[in-house]
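Structural features, examined
Residues per chain are reported as follows:
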Amino acid sequence: DRTFVVLSNDEEVSADFQFGEDLTKEFNASKASIYTFIPNVATVAGNTLPMTNQTTTVPVGVDIKANGDYTFAMPAGTSGIGVTLIDNETGVRTNLGLMDYTVTLTAGTYDQRFVLEIPAISSTPTGVEEVTGDGLPVTGARKVLIDNKLYIIKGDKVYDARGAKVQ
């Protein structure tokens, strides 16, 4: 399942529910559902929030139909924002711009467990078009700017701007 959060600099966008900006959530009767919250509306599939110069915190809920492992991930093509998923139960903070987060959950509803933390966005061109690893060019890499630091991701490996592997 998917949920969407959009930060907009449109002056008319607010944190409240707005028709034409936000989407209410339709729950899947047989599979897991993921959603975010808007005050006085409860659950939404699409949440448009105003862009600010401060960190934006978005509560995330999941409705789990079967016990198992579930993975939180950013959609393909998403870059430039270091979105951190916080698991309030375990205390684990995962930068979804760098890696996915997999957790074992039992059937039930989790409305207080997960939070997205989105830092203020800044756009900075990197000028880096090719990455080298072990002295050789690495193709198929993507660049992300997270918290004003450049990272290069190739497959499941993360490198800093110098090309050194990040743990």
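In this report, we go over the structure that sits alongside the text. (Residues numbered from 1 in each chain as written. Predicted model: local features only at pLDDT ≥ 70, side-chain atom pairs only at ≥ 80, totals over all residues. Heavy atoms only, no water.)

1. Structural notes on the overall build of the protein
To keep it simple, the criterion reads: In DSSP terms, a helix is any run of H or I states spanning at least four residues, a strand is any run of E spanning at least two, and both are numbered starting from the N terminus. Exposure classes here rest on a 1.4 Å probe applied to the protein chains alone. A residue is buried below 20% of its type maximum, exposed above 50%, and partly exposed in between. Only heavy atoms matter for contacts: two residues are in contact if any of them lie within 4.5 Å across the pair. Residue-level accessible areas treat just the shown protein chains as cover; the underlying method is Shrake-Rupley with a 1.4 Å probe.
Counting its regular elements, the protein contains zero helices and 15 strands. Buried residues in the protein amount to 35% of all 167 residues. Contacts in the protein between residues far apart in sequence, at least 24 positions, make up 60% of those at least 6 positions apart. For the protein, the exposed area adds up to about 10200 Å²; of that, 49% sits on carbon and sulfur atoms.

2. A short note on the packing of aromatic side chains
Our working rule: Any pair of Phe, Tyr and Trp rings, taking the six-membered ring for Trp, is counted once the centres come within 6.5 Å. Such a pair is stacked with planes under 30 degrees apart, edge-to-face with planes over 60 apart, and tilted for the rest.
Here the structure, examined in full by the defined rule, presents five aromatic pairs. Here Phe17 and Phe19 contribute two aromatic rings whose centre-to-centre distance is 5.2 Å and whose plane-to-plane angle is 90°, an arrangement assigned as edge-to-face. Here Phe72 and Tyr101 contribute two aromatic rings whose centre-to-centre distance is 6.4 Å and whose plane-to-plane angle is 35°, an arrangement assigned as tilted. Of the two residues, Phe72 sits in strand β6 (residues 68-72) while Tyr101 sits in strand β9 (residues 101-105), which places them 29 residues apart along the sequence. Members of the aromatic cluster, joined through ring pairs, are Phe27, Tyr35 and Phe37.

3. Quick word on a negative patch on the surface
Counted only if it meets this: Two joining distances apply to patches: 9 Å for like charges and 5 Å for nonpolar side chains (Val, Leu, Ile, Met, Phe, Trp, Tyr), and every residue must have over 30% relative accessible area and no salt bridge. When a carboxyl oxygen of Asp or Glu lies within 4 Å of a side-chain nitrogen of Lys or Arg, that pair is called a salt bridge. The charged-residue count follows a simple rule in which Lys and Arg add positive charge and Asp and Glu add negative charge, with His and chain termini not counted at all. By convention, the point assigned to a charge is CZ for Arg, NZ for Lys, CD for Glu and CG for Asp.
On the surface, Asp10, Glu11, Glu12 and Glu21 cluster together into a negatively charged patch. Within the element layout of this structure, Glu12 appears in the loop between β1 (4-8) and β2 (23-24).

4. Some thoughts on the side chain of Thr56
Looking at the element boundaries, Thr56 is found in strand β5 (residues 56-64). The buried category is assigned to Thr56, whose relative accessible area is 11%. Those residues in contact with Thr56 that sit more than four places away from it in its chain are Leu7, Leu49, Leu116, Glu117 and Ile118.

5. What about the pattern of salt bridges?
Side-chain pairs of opposite charge can arise where the charged atoms are in close proximity. For the structure shown, the criterion picks out five salt bridges. The residue Arg113 makes a salt bridge to Asp87 at a minimum N-O spacing of 2.8 Å. Of this pair, Arg113 sits in strand β10 (residues 108-118) while Asp87 is found in strand β7 (residues 84-87), placing the two residues 26 residues apart along the sequence. Across the pair, Asp87 and Arg113 agree in class, each one buried. Each of Asp87, Glu89 and Arg113 takes part in a single network of salt bridges with overlapping partners.

6. Thoughts on the nonpolar core
Cut-off, in case you're wondering: Among buried residues, those of type Ala, Val, Leu, Ile, Met, Phe, Trp, Tyr and Cys that are joined through side-chain atoms within 4.5 Å constitute a nonpolar core.
Membership of the largest hydrophobic core comes to 18 residues, with the highest contact counts inside it found for Val62, Phe72, Leu85, Tyr101, Leu105, Phe114 and Leu116. With five residues, the next largest nonpolar core counts Val144, Ile146, Ile153 and Val158 among its residues.

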